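Structure at a glance
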Amino acid sequence: MPSRMASRDASLWHRAVGGTNVRPMIHYAATRLISLALSLLAASLVIFAVVEVIPGDPASFMLGLNASEDTVAALRDDLGLSGGLLERYVAWVGGMLTGDFGTSYTYRVPVSELVAARLWVSLPLALYALALSTVIALPVGMLAAARRGRPTDYGIMGATQLGIAVPNFWFAMLLVVLLAITWPIFPSGGFPGWDGGIGPALRALTLPAVALALPQASILARVMRSALIETLNQDYIRTARAKGLTEGQAIRRHGMRNAMIPVLTIIGMQFSFLLAGAIIIEKVFFLPGLGLLIFQGITQRDLIVVESVVMLLVFAVILVTFLVDLAYALVDPRLRHGR
Amino acid sequence: MITLDQINLSIGGKPILRDVSLRLQAGKTLGIVGESGSGKSMTALSIMRLLPQGAELSGKVTLEERELTALGERQMCAVRGAEVGMIFQEPMTALNPVQSIGDQVAETLLIHGAASRSEAARIARERLARVGLTSDRFPLDRYPHELSGGQRQRVCIALAIALRPKLLIADEPTTALDVTTQAQILGLIRELVREEGMGCLFITHDLAVVAEMADDVAVMKAGQVVERGATDALLHDMQHPYTKALFEASRHCPVRIPQMDEAHLLEVSGAVRDYTLRRQRLFGPRPSFRAVDGVDLRIRRGESLGLVGESGCGKSTLTRAILGLEPLQGGEIRLDGQTVTPDMPADLRRRMQVVFQDPYGSFNPRHKVSRLLSEPFHLLGRPADLDARIGEVLEQVGLSSADADRFPHEFSGGQRQRIAIARALITRPELIVLDEAVSALDVSIRAQILDLLAELQHRHGLTYLFISHDLTVVRAITDRVLVMKAGRIVEQGETEAVFNAPSHPYTRALLEAAPVLPLAAE
């Protein structure tokens, strides 16, 4: 995004929170927060219910076929699986609110520790991929819109079509072959952790982030292009041209901000996807991320882990939606005033 | 000051303008009149060189010795906004919704490097005050959505004149506005032209507006100027048959044969319609807005009743209630004695039909005319003689039964409005609600549709509720008229009596604001 946009948004933010418009903005944020809380409540009920109806008893699964009834019952007690539904739900939610996510059946360590370790891989990876995707997609989409109907546009549209059609793990393998084996610039997999410094960790995340970002960038560039072309047909662009703006100035100064709403929506959705949906890429690059954790949790009937990670992801999605909603209101004054 | 010499324009090989030559002096207004497709907007865009892709322009445009047609795109950008300002028809969409009005006016100054940021804000403030948007009620950080249509058009004018251009091009600047707002904006433009010594190129389809605004007039038809001259002289001594036809069509009054019954077909008594609004505070009560506030109206069978009022007066809300689309919060509506509600029986619904302003918007573009016309029968069950009835209504509205196999885009605007009328007729209704049904049409087409409506009324004994903001049209086609303001009927009576001697101040204001065609000396 051009720097002019950033400073504009800064001044807008200032106006929204510091000026006369502070009340509508707070009101807007408050209503969004309430809907966030209600969504979380609804999600926790659904997750709890789904996990309850999944067949298979974790205790008997863990102890094997030969275990006696008594041992299974004892383990079930131990795992907090006995007691009424309501009791268990309240204990689960209450635990999460105090940071206690329970103990994993299989790993025998607190789930919060497990998740925290994985989050330190998945969150930076998702942010890295999202940043790459945005940085690539916005200028490319703008260029295609400005050159619509001309060879540059056709070229970009063809490339993005390819980017969407080709699965990201194929990109991942291609990247490994080219940039890790033929020219060994980046490691081909594994994650050294953040203790060894930011440099090596980022290097390890680069190829997976690129592989994740390419299809996302293709989608985002197309959204950017069509949103921008849509705004370019608006009357206010004609007004801007009649004021003496060049076509490029009209796009940057008037088209961009108006095209941001659909683009922000897609960016929000992509972040949620990248956080949990990177499982195949995690497999290809041997990254200990959240996707693999949840996959293992499911196969091993480690329901506490599944419940907690899914809840965490839901929380992340809802939080991102909330942030996107706030960003909408910053971009579009009509939303601040509740229209 | 500005001269157009032999302008020819084609877009994608299709000729749009042919040998257009015009001349305008500083401090004067040149009106360009014509119907849609006459090339009047394209003439303006040729001066601005803001033409669509694939346009080929030849001829010379000269602004004070400078040949604009010889300038490159960069140089034209320096001319646009600085030497030539332009305002457009749709004030609602002409401003960027996410930028404050102050920023949008100041941008004209900033883009031409005419002022520093703070200086630009100061001049923007001053120009907005000049167009009537004072700083106490309209601070610079207002956004377009907080303004009405007329106020937005004032902002557009402010940004067009921010650098005191030599030429102001106004392309149908008041067509989308109410009559009283139109009068204010026209007054403002006249004043600016006089005080700033600008030349003004005023484009409109409305002869009455041009008669009020312009010193000289050029009449355009199919890309050519067919007649031009000083406004008074031209309107009193028209030479070209097209000008005469246009003038006649503007004043057209269909011949109507009164055939009213004594019995009332529609009775609305004490109708109240409230809308709930958004909460002001998080858990506050929902405020409500009374759009229709105790309206009484009666229409006799065979009568034609006009309902006039400006946007937001509640006339569309009332219409929806009369059609039984929305429930009332008080009072009642009866059609031939039966109560009208959203869940009324289909047969009662059949007896009233509606024709809207924009037929294109109310037709599914992928359906053939036959399917569009048989739509009302989803409600009533398909009659055995459906095809015969489709052919019959098409012929009644002046189309042919073969048109049933065509799609809406194959018809002109006037023909589409005929299809909309045919769709209303097919259920053999008694009451037809005409909601701005001729407002979007060119004057010559409008005259034909008004004739058609008068003929259909006579032939089928139809009753019309004619809703419009256009007083001339209401006067031409109605027996009685109701004037609505802020949800209430403020005046009603025989149409001629109300128009000749309005008693309510609001009616007087409306009639005074409406531009009137001078009578031609024939």
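Keep in mind the model is a prediction, meaning the values are calculated, not measured. (Residues numbered from 1 in each chain as written. Chains lettered and ligands numbered in written order. Predicted model: local features only at pLDDT ≥ 70, side-chain atom pairs only at ≥ 80, totals over all residues. Heavy atoms only, no water.)

Quick notes on the overall build of chain B
- Looking only at helices and strands, one finds 19 helices and 20 strands in chain B.
- Over its C-alpha trace chain B gives a radius of gyration of 25 Å, about what one expects of a compact globule, namely 24 Å for 522 residues.
- Counting only C-alpha atoms and orienting by the principal axes, one finds that chain B spans roughly 70 × 60 × 45 Å.
- Relative to its 522 residues, chain B shows a buried fraction of 54%.
- Roughly 22,000 Å² of accessible area belongs to chain B as shown, and the carbon and sulfur atoms make up 48% of that amount.
- A gap of 4 Å separates the mean positions of the 60 positive and 66 negative side-chain charges of chain B. (Helix = DSSP H or I, 4+ residues; strand = E, 2+ residues; numbered from the N terminus. Rg over C-alpha atoms; globule rule 2.2 N^0.38 Å. Buried < 20%, exposed > 50% of the residue type's maximum accessible area, 1.4 Å probe, protein only. Areas by Shrake-Rupley, 256 points an atom, 1.4 Å probe, with all protein chains shown as cover. Lys, Arg positive; Asp, Glu negative; His and termini not counted. Charge placed at Lys NZ, Arg CZ, Asp CG, Glu CD.)

A closer look at the UniProt feature "domain: ABC transmembrane type-1" (unreviewed entry) in chain A
- Feature annotation in UniProt places "domain: ABC transmembrane type-1" (unreviewed entry) on residues 119-324 of chain A, given in this structure's numbering.
- Counted over residues 119-324 of chain A, helix gives 83% and strand 0%. Its end C-alpha atoms are 21 Å apart. (UniProt positions renumbered as here; feature names shortened; annotations may be inferred.)

Some remarks on the nonpolar core
- Core analysis: the largest hydrophobic core is formed by 89 residues, its most contacted members being M224, V263 and V309 of chain A.
- Leave out the neighbours within four places in its chain, and M224 of chain A touches L138, G141, M142, M256, A259 and V263 of chain A.
- L394, F411, L450 and L456 of chain B belong to the second-largest nonpolar core, a separate cluster that totals 48 residues. (Core = buried A, V, L, I, M, F, W, Y, C linked by side-chain atoms within 4.5 Å. Contact = heavy atoms within 4.5 Å.)

Topic: the interface of chain B and chain A
- Chain B puts 37 residues into the contact, and the matching count from chain A is 33 residues.
- Here chain B packs against chain A, burying approximately 3,100 Å² in sum over the two surfaces, 54% of which is carbon and sulfur.
- Taken together, the connections running from chain B to chain A amount to three salt bridges.
- With its nearest N and O atoms 2.6 Å apart, the salt bridge here joins E107 of chain B to R253 of chain A. (Buried area = accessible area lost by both parts, 1.4 Å probe. Salt bridge = Lys/Arg side-chain N within 4 Å of Asp/Glu carboxyl O.)

Quick word on the pairing of strand β17 (residues 431-435) of chain B
Residues and elements named next belong to chain B.
- Where burial is concerned, most of β17 is hidden: five out of the five residues are buried.
- Side-chain alternation along β17 places L431, V433 and D435 on one buried face and I432 and L434 on a second face that is also buried.
- Here β17 runs beside strand β18 (residues 463-468); their pairing, made up of five bridges, is parallel. The residue of β18 that forms the bridge with D435 is I467.
- With helix α16 (residues 443-460) bridging β17 and the parallel β18, this β-α-β connection has right-handed handedness. (Pairing = 2+ DSSP bridges. Right-handed = clockwise from strand over helix to strand, strands pointing away.)

Section: the UniProt feature "domain: ABC transporter" (unreviewed entry) in chain B
- Feature annotation in UniProt places "domain: ABC transporter" (unreviewed entry) on residues 2-247 and 277-511 of chain B, given in this structure's numbering.
- Between the end C-alpha atoms of residues 2-247 of chain B the distance is 28 Å, and the span holds 37% helix and 26% strand.

A word on the pattern of salt bridges
All names here are of chain B.
- Applying the stated criterion across every chain, the model contains 42 salt bridges over all chains.
- Residue R488 pairs with D293 through a salt bridge whose shortest N-O separation is 2.9 Å. One end of the pair, R488, is in strand β20 (residues 488-494); the other, D293, is in strand β12 (residues 288-300), with 195 residues separating them in the sequence.
- You can call R488 partly exposed: its relative accessible area is 47%.
- In this structure, R475 engages E496 in a salt bridge whose closest nitrogen and oxygen atoms are separated by 3.1 Å. With R475 in helix α17 (residues 471-477) and E496 in helix α18 (residues 495-500), this residue pair connects regions lying 21 residues apart in the sequence.
- What makes R475 partly exposed here is its relative accessible area of 33%.
- Overall, the relative accessible area of 40% leaves E496 in the partly exposed class.
- Beyond isolated ion pairs, a larger network of salt bridges with shared partners links E64, R66, E83 and K166.

Notes on the sheet that holds strand β7 (residues 167-171) of chain B
All names here are of chain B.
- Strand order across the open sheet formed by six strands is β6-β7-β8-β3-β9-β10, with mixed pairing between neighbours. Strand pairing shows two members of the sheet lacking a second neighbour, β6 (84-87) and β10 (224-230), which therefore form its edges. Neighbour-to-neighbour, the strand axes of the sheet open up by a mean angle of 15°, direction not taken into account.
- Examined bridge by bridge, β7 and strand β8 (residues 199-204) share five bridges and lie parallel to one another. Bridging from a neighbouring strand, L167 pairs with G199 of β8.
- Helix α5 (residues 149-160) rests against β6 and β7 of the sheet, and its axis sits at about 170° to β6. (Axes fitted to C-alpha atoms, helices over the stretch in contact; angles between N-to-C directions.)

With respect to the UniProt feature "transmembrane region" (unreviewed entry) in chain A
- Residues annotated in UniProt with the feature "transmembrane region" (unreviewed entry) correspond here to residues 33-54, 125-146, 167-186, 198-221, 259-281 and 309-331 of chain A.
- Here residues 309-331 of chain A is 100% helix and 0% strand, with 33 Å between the C-alpha atoms at its ends.

Considerations on the packing of helix α7 (residues 151-165) of chain A against helix α9 (residues 198-232) of chain A
All names here are of chain A.
- Between α7 and α9, the shortest axis-to-axis distance is 8 Å and the interhelical angle comes to 140°. With respect to each other, α7 and α9 are oriented oblique. Here α7 runs over α9; the crossing is left-handed. Counted together, D153, M157, T160, Q161, G163 and I164 of α7 and P215, S218, I219, A221, R222 and R225 of α9 form the full contact between these two elements. (Parallel < 35°, antiparallel > 145°, perpendicular 65-115°, else oblique. Left-handed = near helix turned anticlockwise from the far one by under 90°.)

Regarding the sheet that holds strand β2 (residues 14-24) of chain B
All names here are of chain B.
- Reading across from one edge, β2-β1-β4-β5 is the order of the four strands in this open sheet, with antiparallel pairing throughout. Since the sheet does not close on itself, it has two edges, and those belong to β2 and β5 (66-67), each with one partner.
- Relative to strand β4 (residues 55-63), strand β1 (residues 2-11) is paired through eight bridges, and the arrangement is antiparallel. Of the residues in β4, the one forming a bridge with I11 is A55.
- Sheet contacts for helix α1 (residues 40-48): β1, β2 and β4; angle to β1, the most-contacted strand, approximately 110°.

Notes on the domain arrangement of chain B
- Domain boundaries in chain B define domain 1 (2-250) and domain 2 (352-428).
- Using only C-alpha atoms to locate each centre, domain 1 of chain B and domain 2 of chain B end up separated by 38 Å. (Domains from an automatic or database assignment.)

A short note on the pairing of β2 of chain B
Residue and element names in this part refer to chain B.
- Pairing geometry for β1 and β2, over seven bridges, is antiparallel. Considered in β2, the bridge of I7 is made with V20.
- Counted between consecutive antiparallel strands, the loop separating β1 from β2 contains two residues, among which G12 sits at a positive phi close to 55°.

As for the packing of helix α6 (residues 111-146) of chain A against helix α14 (residues 303-331) of chain A
Residue and element names in this part refer to chain A.
- Where α6 meets α14, the closest approach of the two axes is 10 Å, and the angle between their N-to-C directions is 50°. It follows that α6 is oblique to α14 by the angle criterion. Where α6 crosses over α14, the handedness of that crossing is right-handed. In this structure, α6 uses V111, L114, V115 and L119 to contact α14, whose residues at the interface are I304, V305, S308, V309 and L312.
- When the residues that make up the contact of α6 with α14 are grouped by side-chain class, the tally is eight nonpolar, one polar and no charged. (Nonpolar A, V, L, I, M, F, W, Y, C, P; charged D, E, K, R; others polar.)

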